[in-house]
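The lines below spell out each chain.
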Amino acid sequence: MRGPLGAIIGRHFSAAAGAGGGGGGDDAATGVIRHDRKCRDLPFLALFAAFWVAMIVNSSFGFNQGNPLRLTFGLDYKGNICGSKHADPDLSELDVRYWMNPNQVYQSGLKDSKIDLADAKSICLMECPYPAEDGLNFVCDYPEGDIRLSVDDWIDRDYDYFEYLTPEMRNTSLQLQGPCYPIIFPSINVYWSCQFIARPSNVSLKHWQRMGGASIDENMLIDKTIHNTINYKSSVVKRYVADIGKSWPVLIVCGGLLPLFLSLIWLAMIRYFVAGMPWITVILFNALVISVTMFFYIKAGWIGNDPLTVVIGPSDPYVSIGGREINHLHVAAVLMTIVMIIALLTSIAIVRRILKATSVLKVAAKVIGEVQELIIFPVVPYFTLAIIYMFWFAATLYLFSSGQVLQNDCKANCCTFDLKQGKVNCDNCCGYSVHYTPHIGIAIFFHLFGCYWATQFFIACSSTVIAGSVASYYWARGEMSHDITFHTVVSSLKRLLRYSLGSVALGSLIVSIVEWVQSILKSLRRRLKTVDSSGETSFQKTVSSSSNCCLGCIDWTIKSVNRNAYIVIATTGKGFCKASELATGLIMNNILRIGQVNVIGDVILFLGKLCVSLFSALFAFLMLDNHKYRSAHNKISSPLFPVLLCWALGYVVAQLFFGVVEVSVETIIMSFCQDAEEHDGEAQYAPPLLMETLGDPSQLQRLTQGP
């Protein structure tokens, strides 16, 4: 590093100020951190502010164009959303989509068919109809025109007014042109769409044939066509996003309140029970990994009798219906098994080094004891992020459901009876779909990136404030210790807000861009594998693995440099680029000294964060297992997405609070290394506990006995 930190912070500055009289006022009195700074990296602060103005504008587009009901319920042949009270007629109680014409469903599944399932005639019902046991039932169109029935009467009659039809209407119905259609196939409610079961009722089919009805195809394709539509990737993504809105109480409790409570408990135990915390953390981590893995096994149907079901309401026990959500749970269970094995092996490998981590955590515990306000400070960024997340999740629901409901441009040759016109209409039989323009995809990408950047930004702000407070503790050892009060945290926050927000915005932006580029490249690689069915050559696999490994190393390096750069920013007021240079130089000059302590300490802290996030995931599983989320309108498509979201939110909260210990340790170690460099290898201000780990016996004796 260029220039001694002693000239900036600690007693060196205080003496210089006293001699030169240039410190002035509060600075000369405290002698902790120099205040003669200037604003750094302002263009990036302006970029961050402009980005969030754009985020608000982007979200307002979603609020204007979106409707979260589209994420869960389908459209009828008029373009109405099932379950919407604003439809004509009122469909607030009719939320299940049912395709009326079985032949259209079959034909839409043929390869060369001109009709798509979205163009097949569908209406909204309260529940999926079932064939009569001793006759033939019909499902008729919404009552209008010459059919003098109210919607309530139509529902009470099980949607059947065939006996009220005129001879012409009966004839068109027998030709599968409506307004009434026979119930030949049983159907089951799969994610609010009635999926046909290719097992026609012989009784109903015979009655239909006796009435002179048109021939009905009985092929298995009638089953697969609806099943494939329900399991389109886009449909699954919509259901996962809809699960956010349905499980918001779980997200608040398990993604917000619970990790806050657990993090505060962990910090308190570090303060008063530091010797046993590494052991407790490792044991608890393994227990939680095993528990979460077992829950995935249960929901995947591998153990127990409570697997995930895609059916809403009662179902035929002899009918088994799968879905992508179940497949995703199987993948998650396999991945958790791998994580569990790695966790157990890692725990065995670090057992002997846990004592080294205890020494480092003792130093952090002493800092927390001296500056106790550090435990409370992360509550500030916590509530800030909580407000941002609530806005962000609400906007997400509307952005993912934004688009225009437009009639399809189909070439189908079909005719249906129009009750309003009182005749068969062959000109307007195309169905409706939600049409998305390319800019909606860009808006969603922008929205997701904004959330990640904001998260990194506030975590960086918290780290910078903590680093400034802890640096004051280190360099103010001795006669300066009486100045370590709440004032240090407030002063560090003021310096951040006044001088360094631009630097923090730049650092968080770099991390966000690198991680998003890495994610995009991984996604592209998976798509290329899917397209290239012939498989990769050994050279391609080597290049792919090497590039992925390099990106991971770059990501880890940038995160590490960023974290230490924030420490230098807090203590010196440098810009981000200069602070990164200084931090990198200091780390390289002391790589062995820092590595022997910081690596194992980081491992224990990382396991602690995972403990909080795993406990949040485990509690989310328990809450989602409640009957409320397994039936009726609140039924979630899968616990996977809410659980993973609670896991991620729990980790973010833990990172905010565990940053108190993590940043404290790194700040003290960096200050120690700079202290040793400035004084010919003998640190002057290091706490004795730190000397036990980093220093030699002679320096420890000098520090404990005093000058």
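Computed from a prediction, not measured in an experiment: that's the story for all the values here.

K.L.:
Describe the state of the cysteines, listing the residues and the values that go with them.
P.N.:
This model, assessed by the stated rule, comprises three disulfides. Linked covalently through their sulfurs, Cys-82 and Cys-124 form a disulfide whose S-S length is 1.9 Å. The disulfide joining Cys-82 to Cys-124 has a torsion of about -75 degrees about its S-S bond and is therefore left-handed. In this pair, Cys-82 sits in the loop between α4 (69-72) and β1 (96-99) while Cys-124 sits in strand β2 (residues 122-125), placing the two residues 42 residues apart along the sequence. We note that Cys-82, like Cys-124, is buried. Across the disulfide, Cys-128 is cross-linked to Cys-194 (sulfur-sulfur distance 2.2 Å). Between Cys-128 and Cys-194, the S-S dihedral sits near -100 degrees, and the bridge is therefore left-handed. One end of the pair, Cys-128, is in the loop between β2 and β3 (138-140); the other, Cys-194, is in strand β6 (residues 193-196), with 66 residues separating them in the sequence. When sorted by exposure, Cys-128 lands in the same class as Cys-194, which is buried. Unpaired in this structure, Cys-254 has its nearest cysteine sulfur neighbour in Cys-646, at a distance of 4.8 Å. Looking at Cys-254, the relative accessible area reads 0%, which means it is buried.

K.L.:
Which residues make up the packing of helix α10 (residues 233-246) against helix α22 (residues 640-678), and what values do they have?
P.N.:
Two packed helices can be described by the angle between their axes and the distance between those axes. Direction vectors running N to C along α10 and α22 enclose 60 degrees, while the axes themselves pass 8 Å from each other. The interaxial crossing formed by α10 with α22 has right-handed handedness. Here Tyr-240, Asp-243 and Ile-244 of α10 lie close against α22, whose contacting residues are Leu-640, Phe-641, Pro-642 and Leu-645. For the contact of α10 with α22, the per-class residue count stands at six nonpolar, no polar and one charged.

K.L.:
Before we move on, could you go through a nonpolar patch on the surface and cite the residues and values that matter?
P.N.:
A surface patch of nonpolar side chains, amounting to about 830 Å² of accessible area, comprises Ile-290, Met-294, Trp-302, Ile-303, Val-331, Val-334, Leu-335, Ile-338, Ile-342 and Leu-344. Secondary structure elements with two or more residues in the nonpolar patch: α12 (277-300) and α13 (324-350). No other element matches the six residues that α13 contributes to the nonpolar patch. Of note, Val-334 is situated in helix α13.

K.L.:
Can you break down the nonpolar core residue by residue, with the values?
P.N.:
Ranked by internal contacts, the top residues of the largest apolar core, which has 194 residues, are Trp-154, Tyr-161, Phe-296 and Val-661. Considering each element in turn, this core owes the most residues, 21 residues, to α22. Beyond its immediate chain neighbours, meaning those up to four positions away, Tyr-161 contacts Cys-140, Asp-141, Tyr-142, Pro-143, Ile-147, Leu-149, Trp-154, Pro-179, Cys-180 and Leu-419.

K.L.:
Help me get a handle on the packing of aromatic side chains, residues and values and all.
P.N.:
Tallied over the entire structure, the rule returns 30 aromatic pairs. Both rings, one in Tyr-240 and one in Phe-641, keep their centres 5.9 Å apart while their planes meet at 10 degrees; by these two values the pair is stacked. Of this pair, Tyr-240 sits in helix α10 while Phe-641 sits in helix α22, and the two are 401 residues apart along the sequence. Taking the relative accessible area as the measure of exposure, Tyr-240 reaches 10% and is therefore buried.

K.L.:
Tell me about the packing of helix α20 (residues 576-589) against α22, and name the residues and values.
P.N.:
At a closest axis distance of 10 Å, the pairing of α20 and α22 adopts a crossing angle of 75 degrees. It follows from the interaxial angle that α20 and α22 lie roughly perpendicular. Residues Ala-583, Leu-586, Ile-587 and Asn-589 of α20 form the contact with α22, whose own contacting residues are Met-670, Cys-673, Gln-674 and Glu-677. Looking at the contact of α20 with α22 residue by residue, the class counts come to five nonpolar, two polar and one charged.

K.L.:
Summarise the pattern of salt bridges; cite the residues concerned and give the values.
P.N.:
Summed over the entire model, instances satisfying the criterion amount to ten salt bridges. Among the ionic pairs, Arg-563 bridges to Glu-662, the shortest N-O distance being 3.0 Å. Residue Arg-563 is found in helix α19 (residues 538-572), and its partner Glu-662 is found in helix α22; the two are separated by 99 residues along the sequence. Between Lys-578 and Glu-581 there is a salt bridge, with the nearest N and O atoms lying 3.8 Å from each other. Pair noted here: Lys-578 and Glu-581 are both in helix α20, with a separation of three residues, about one helical turn. One salt-bridge network, held together by shared partners, links Arg-563, Lys-609, Glu-662 and Glu-666.

K.L.:
Could you give an account of the pairing of β1, with specific residues and numbers?
P.N.:
Two faces, one strand: in a regular strand the side chains alternate between the faces of the sheet. Burial along β1 is two-sided: the residues Val-96 and Tyr-98 and Arg-97 and Trp-99 are all buried. Inspection of the sheet shows β1 paired to β2 by four bridges, in the antiparallel sense. Considered in β2, the bridge of Val-96 is made with Leu-125.

K.L.:
So what's going on with a negative patch on the surface? Which residues, and what values?
P.N.:
Side chains of Asp-90, Glu-93, Glu-127, Asp-152, Asp-153, Asp-156 and Asp-158 sit close together on the surface and give a patch of like negative charge. Of note, Asp-158 is situated in the loop between α6 (151-156) and α7 (167-174). With relative accessibility at 53%, the residue Asp-158 sits in the exposed group.

K.L.:
Can you break down the confidence of the model for the protein residue by residue, with the values?
P.N.:
Summary statistics for the protein give a mean pLDDT of 81 and a share of 83% for residues scoring 70 or more. Mean pLDDT values over the elements of the protein span from 36, in helix α1 (residues 11-20), up to 93, in helix α16 (residues 379-400). Note on residues 1-32: pLDDT is under 50 here. Beyond four places in sequence and across chains, it has 60 contacts. Low pLDDT, under 50, characterises residues 697-707; the stretch is placed with 16 contacts to residues that sit more than four places away or in other chains.

How each quantity is defined
Residues numbered from 1 in each chain as written. Predicted model: local features only at pLDDT ≥ 70, side-chain atom pairs only at ≥ 80, totals over all residues. Heavy atoms only, no water. Disulfide = S-S within 2.5 Å. Helix = DSSP H or I, 4+ residues; strand = E, 2+ residues; numbered from the N terminus. Buried < 20%, exposed > 50% of the residue type's maximum accessible area, 1.4 Å probe, protein only. Axes fitted to C-alpha atoms, helices over the stretch in contact; angles between N-to-C directions. Left-handed = near helix turned anticlockwise from the far one by under 90°. Contact = heavy atoms within 4.5 Å. Nonpolar A, V, L, I, M, F, W, Y, C, P; charged D, E, K, R; others polar. Patch = residues over 30% accessible without salt bridge, like charges linked within 9 Å, V, L, I, M, F, W, Y side chains within 5 Å. Areas by Shrake-Rupley, 256 points an atom, 1.4 Å probe, with all protein chains shown as cover. Salt bridge = Lys/Arg side-chain N within 4 Å of Asp/Glu carboxyl O. Core = buried A, V, L, I, M, F, W, Y, C linked by side-chain atoms within 4.5 Å. Phe/Tyr/Trp six-rings, centres within 6.5 Å; stacked < 30°, edge-to-face > 60°. Parallel < 35°, antiparallel > 145°, perpendicular 65-115°, else oblique. Pairing = 2+ DSSP bridges. Lys, Arg positive; Asp, Glu negative; His and termini not counted. Charge placed at Lys NZ, Arg CZ, Asp CG, Glu CD. pLDDT = per-residue confidence, 0-100.

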